[in-house]
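# Coordinates in review
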Amino acid sequence: MNIGRVIGNTVSTVKDPNLKGQKILVVEPLDNREAPFLALDVVGSGAGETVLYTTGREASFAFLPEFVPCNATIVGIVDYIREEDK
Amino acid sequence: MNIGRVIGNTVSTVKDPNLKGQKILVVEPLDNREAPFLALDVVGSGAGETVLYTTGREASFAFLPEFVPCNATIVGIVDYIREEDK
Amino acid sequence: MNIGRVIGNTVSTVKDPNLKGQKILVVEPLDNREAPFLALDVVGSGAGETVLYTTGREASFAFLPEFVPCNATIVGIVDYIREEDK
Amino acid sequence: MNIGRVIGNTVSTVKDPNLKGQKILVVEPLDNREAPFLALDVVGSGAGETVLYTTGREASFAFLPEFVPCNATIVGIVDYIREEDK
Amino acid sequence: MNIGRVIGNTVSTVKDPNLKGQKILVVEPLDNREAPFLALDVVGSGAGETVLYTTGREASFAFLPEFVPCNATIVGIVDYIREEDK
């Protein structure tokens, strides 16, 4: 799982039936080595918020029993990160 | 999920039975860090269109109950992207 | 599987129901080519410890029969590594 | 899915029972950013041929109902690629 | 699938129950672009041997019907590689 920031959303009229009714957000990873990508959202996050996202097959677990063809999902809103040892 | 552009297609006569009848499109990711790749399509997109694609195991969800050996599927046509906060 | 070090944790109030009650640790991979990421933990590790983690779909196996939308899990605490041939 | 060329094969006497009887080919991706890797084959391709391969969990779908521990499979032989818009 | 060399092993007393009794080997990929990683082993390989490994969800197929939280498994010992066309 990683941390990113919501920076926008994507509008798509023609799409897979399992994506209907889902907001498709643009997420910028906090780690600059990765490019922005698109994610679905199960916690109601919005632009400017710092979020926790998961990628890959596990991203679709948040929508079970539906099999959504999605490989990135926002699963939490981050309050703060505590570094204890570095 | 990511955004790309359809730039061509691939013709293959000898292929896995589960790929028969599927158009195999060439997609160029909008993010220049990745190379073009091949994807199946469930929304009828064509050359020049900006599309939304998903990769990995989830890409094959769009074809359930068939188990298609495909790891990239076009699942939407993008109307526009709205950046709200960057 | 890879080796990393626990360097902190993440606090998130609003999150997916399957993540409730789980500690979300920040892990720094020993291999410097990768950036720190977030992982769940099934062995009770803490800050400063060297741990063994697994990523991807397999990371969620540690929580079966629950389907946790998590793609990185700490599955062991490392005592030592023995290089035999390099 | 991606395109590569078959450049050799690998001989292994001691292997997982599910890999017995499978030819293990060496594939060089057309995209030079990736290194050659090993793939199983369901279409009877051979050295010098341009092939279509799929990676990850989906690669093993070509062998269902067997669960083959394989993460790359050649699923088609490429006749030609048509670039329509670039 | 890829080829690597076994260069050591990892000792971990506290670990996920499904990893108990498994040898956790350190593998160096032949392709220098990747860093060494940890893998389980189903073919009895040892230090110095050239091995065939698979990664991702498929790596755990070698342990079915157990669901082992492992994303890299050694599935063969390589006798030799024959390059036919490069």
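About the criteria used
- Residues numbered from 1 in each chain as written.
- Chains lettered and ligands numbered in written order.
- Predicted model: local features only at pLDDT ≥ 70, side-chain atom pairs only at ≥ 80, totals over all residues.
- Helix = DSSP H or I, 4+ residues; strand = E, 2+ residues; numbered from the N terminus.
- Rg over C-alpha atoms; globule rule 2.2 N^0.38 Å.
- Contact = placed C-beta atoms within 7 Å.
- Least-squares fit on C-alpha atoms with pLDDT ≥ 70 in both.
- Nonpolar A, V, L, I, M, F, W, Y, C, P; charged D, E, K, R; others polar.
- Pairing = 2+ DSSP bridges.
- Buried ≥ 20, exposed ≤ 12 C-beta atoms within 10 Å, placed from the backbone.
- pLDDT = per-residue confidence, 0-100.

### What about the overall build of chain A?
Each helix and strand in chain A was counted, giving zero helices and six strands. Shown N-terminal to C-terminal, the secondary structure of chain A runs as helices and strands in the order β-β-β-β-β-β. The globule rule puts the C-alpha radius of gyration for 86 residues at 12 Å, and the 13 Å found for chain A is close to it. In terms of overall dimensions, chain A has a C-alpha envelope of 45 × 25 × 25 Å along the principal axes. Contacts in chain A between residues far apart in sequence, at least 24 positions, make up 55% of those at least 6 positions apart.

### So, the relation of the copies chain C and chain E
Mapping chain C onto chain E calls for a rotation angle of 72° and an axial translation of 0.0 Å; the resulting RMSD is 0.0 Å. Taken together, the rotation and translation describe the operation of a five-fold axis. Closest to the rotation axis within chain C is the C-alpha of R57 of chain C, separated from it by 5.1 Å. Interface overlap between copies: only 7% of the residues of chain C at the interface are likewise at the interface in chain E, consistent with a contact formed by different surfaces.

### Describing the interface of chain C and chain E
The partner chain E presents 27 residues to the 30 residues of chain C that form the contact. Elements supplying a minimum of two residues to the side of chain C that touches chain E: β1 (2-11), β4 (50-55), β5 (72-77) and β6 (80-83) of chain C. In terms of residue class, the side of chain C that touches chain E is made up of 14 nonpolar, six polar and ten charged.

### Observations concerning the interface of chain B and chain D
If you look at the interface, chain B gives 26 residues, while chain D gives 30 residues. Mapped by element, the contributors of at least two residues to the side of chain B that touches chain D are β1 (2-11) and β3 (37-41) of chain B. For the side of chain B that touches chain D, the element with the highest residue contribution is β1 of chain B, accounting for five residues. Grouping the amino acids of the side of chain B that touches chain D by side-chain chemistry returns 14 nonpolar, nine polar and three charged. For β1 of chain B and strand β6 (residues 80-83) of chain D, the ladder comprises four bridges, and the chain directions are antiparallel. Note on β6 of chain D: the bridge partner recorded for V11 of chain B is Y80 of chain D.

### What to know about the arrangement of the chains
Between chain B and chain C there is no contact, and the shortest C-alpha to C-alpha separation is 10 Å. Of all C-alpha pairs spanning chain A and chain E, none lies closer than 10 Å, and the two are not in contact.

### Side note on the environment of F67 of chain D
Turning to its location among the elements, F67 of chain D is positioned in the loop between β4 (50-55) and β5 (72-77). Counting along the chain gives 48 residues from F67 of chain D to L19 of chain D, while the straight-line C-alpha distance between them is 10.0 Å.

### Considering the pairing of strand β5 (residues 72-77) of chain B
Residue and element names in this part refer to chain B. Across the six residues that make up β5, a large majority, five, are buried. Two elements, β3 and β5, share two bridges in a ladder whose sense is parallel. In the strand pairing of β5, D41 is matched with I74. Pairing of strand β4 (residues 50-55) with β5, which is carried by five bridges, proceeds in the antiparallel orientation. The residue bridging L52 from the neighbouring strand is G76, located in β5.

### Focus on the pairing of strand β3 (residues 37-41) of chain D
Residues and elements named next belong to chain D. The element β3 is largely enclosed, with a buried count of four among its five residues. Here three bridges tie strand β2 (residues 24-29) to β3, and the two strands are oriented antiparallel to one another. Counterpart to V26 in the pairing with β3 is L38.

### Quick word on the confidence of the model for chain A
This prediction gives chain A a mean pLDDT of 87; 97% of its residues lie at or above 70. Model confidence for the complex: the whole-complex pTM is 0.80, and ipTM, which rates the interface, is 0.78.

### Regarding the environment of V14 of chain E
Tracing the backbone through its elements, the reader meets V14 of chain E in the loop between β1 (2-11) and β2 (24-29). For V14 of chain E, a count of 15 C-beta atoms within 10 Å translates into the label partly exposed. Counting along the chain gives 14 residues from V14 of chain E to E28 of chain E, while the straight-line C-alpha distance between them is 24 Å. Residues contacting V14 of chain E, with those up to four places away along its chain left out, are V43, G76 and I77 of chain C.

### Comments concerning the environment of V26 of chain E
Secondary-structure assignment places V26 of chain E in strand β2. Along the chain, V26 of chain E and T10 of chain E lie 16 residues apart, while their C-alpha atoms are 6.9 Å from each other. The residues contacting V26 of chain E, other than those within four sequence positions of it, are I81 and E83 of chain C together with I7, G8, N9, T10, P36 and L38 of chain E.

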